[in-house]
Amino acid sequence: MSRKSTPEPVIRRGAGHAARAAAFRRGLLRWFRRHGRDLPWRRTRDPYHIVVSEFMLQQTQVSRVEGYFHRFLEQYPTVEALAAASPLAVRESWDGLGYYRRATNLHRLAQAVVAEHGGVVPSDPAALRQLPGVGRYTAGAVASFAYERRTPAVDTNVARVLRRAFHPRLEVRGGERRLWETAERLLPRRGPAAWSFNQAIMELGALVCTARVARCHTCPVRQACATGRRRR
């Protein structure tokens, strides 16, 4: 009689694997406290501001977004102000950032928040995913960064870090579910600490564990990383 294979746990529950996960968290959070960039959307928990930043940061470098972020919020300081604007005005405010579909979706999101949520951006990831232009990552990011919900947010940078650190043999295609499960298990238990963890792992992927170069010699979690431990 054949037996069905049991999927391998994302992070095994043995003492050694738990210790490695804990070491990864500690090293990452310690590094972020010292080296995390002072970005304007990290100084706020305003859900609308967080939404604007997340839409702008899609496929756009941080250095380009910073100036646009301030100007856009000066023009549309509240979700109600954005919802009431004309599509042409919003498009013109976005001019230069590119990927103009983001501006259209952000405008539609603001209108939906005003019409369906009383002007309050939802805190629940499932509710956020019902809004225009919001996928799984953006929903997790807004819930975590605005409301300090204990929820993962796996973007391209985070996926790269998790793959190299915990799943170096994972197939690129079809591995998304396991990466999200790993991100969930790595999260600290408390929401504020989860906020820091999500920011920190994104920062690591942006500055150290980049797509072009994995700077393992300067990585703060090298000893807890499956890829880093193999490199000398």
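All values derive from a computational prediction rather than experimental measurement. (Residues numbered from 1 in each chain as written. Predicted model: local features only at pLDDT ≥ 70, side-chain atom pairs only at ≥ 80, totals over all residues. Heavy atoms only, no water.)

Novice: Would you explain the overall build of the protein in this entry?
Specialist: Check the secondary structure of the protein and you find eleven helices and zero strands. For the protein, the succession of helices and strands along the chain, N to C, is α-α-α-α-α-α-α-α-α-α-α. Over its C-alpha atoms the protein spans a radius of gyration of 19 Å, differing by no more than 12% from the 17 Å that the globule rule assigns to 232 residues. Structurally, the protein occupies a C-alpha span of about 60 × 50 × 30 Å along its principal axes. Every one of the 232 residues in the protein was classed for burial, and the buried ones make up 50%. (Helix = DSSP H or I, 4+ residues; strand = E, 2+ residues; numbered from the N terminus. Rg over C-alpha atoms; globule rule 2.2 N^0.38 Å. Buried < 20%, exposed > 50% of the residue type's maximum accessible area, 1.4 Å probe, protein only.)

Novice: Explain helix 9 (residues 156–166) to me, please; I cannot follow it from the model alone.
Specialist: Within an α-helix, residues lying three or four positions from one another point in the same direction, as the helix has 3.6 residues per turn. Burial within helix 9 is extensive, with eight of its eleven residues counted as buried. Listed in full, the buried residues belonging to helix 9 are Val158, Ala159, Arg160, Val161, Leu162, Arg163, Ala165 and Phe166. Two to three positions downstream of the cap, the backbone nitrogen of Asn157 sits 3.2 Å from a side-chain oxygen, assigning the N-cap of helix 9 to Asp155. (Polar contact = N/O pair within 3.5 Å; in protein donor to acceptor, adjacent residues only side chain to side chain.)

Novice: How do you make sense of the pattern of salt bridges when you look at a structure like this?
Specialist: Side-chain pairing between opposite charges can occur once the charged atoms of the two side chains come close. With the rule as written, the count across this model stands at eight salt bridges. Residue Glu203 pairs with Arg42 through a salt bridge whose shortest N-O separation is 2.9 Å. Taken together, the residues span a long stretch of sequence, with Glu203 in helix 11 (residues 191–207) and Arg42 in the loop between helix 1 (15–35) and helix 2 (47–57) at a distance of 161 residues. Here the two residues Glu203 and Arg42 agree in accessibility, since each one is buried. One continuous salt-bridge network, built from bridges that share partners, spans Arg37, Arg42 and Glu203. (Salt bridge = Lys/Arg side-chain N within 4 Å of Asp/Glu carboxyl O.)

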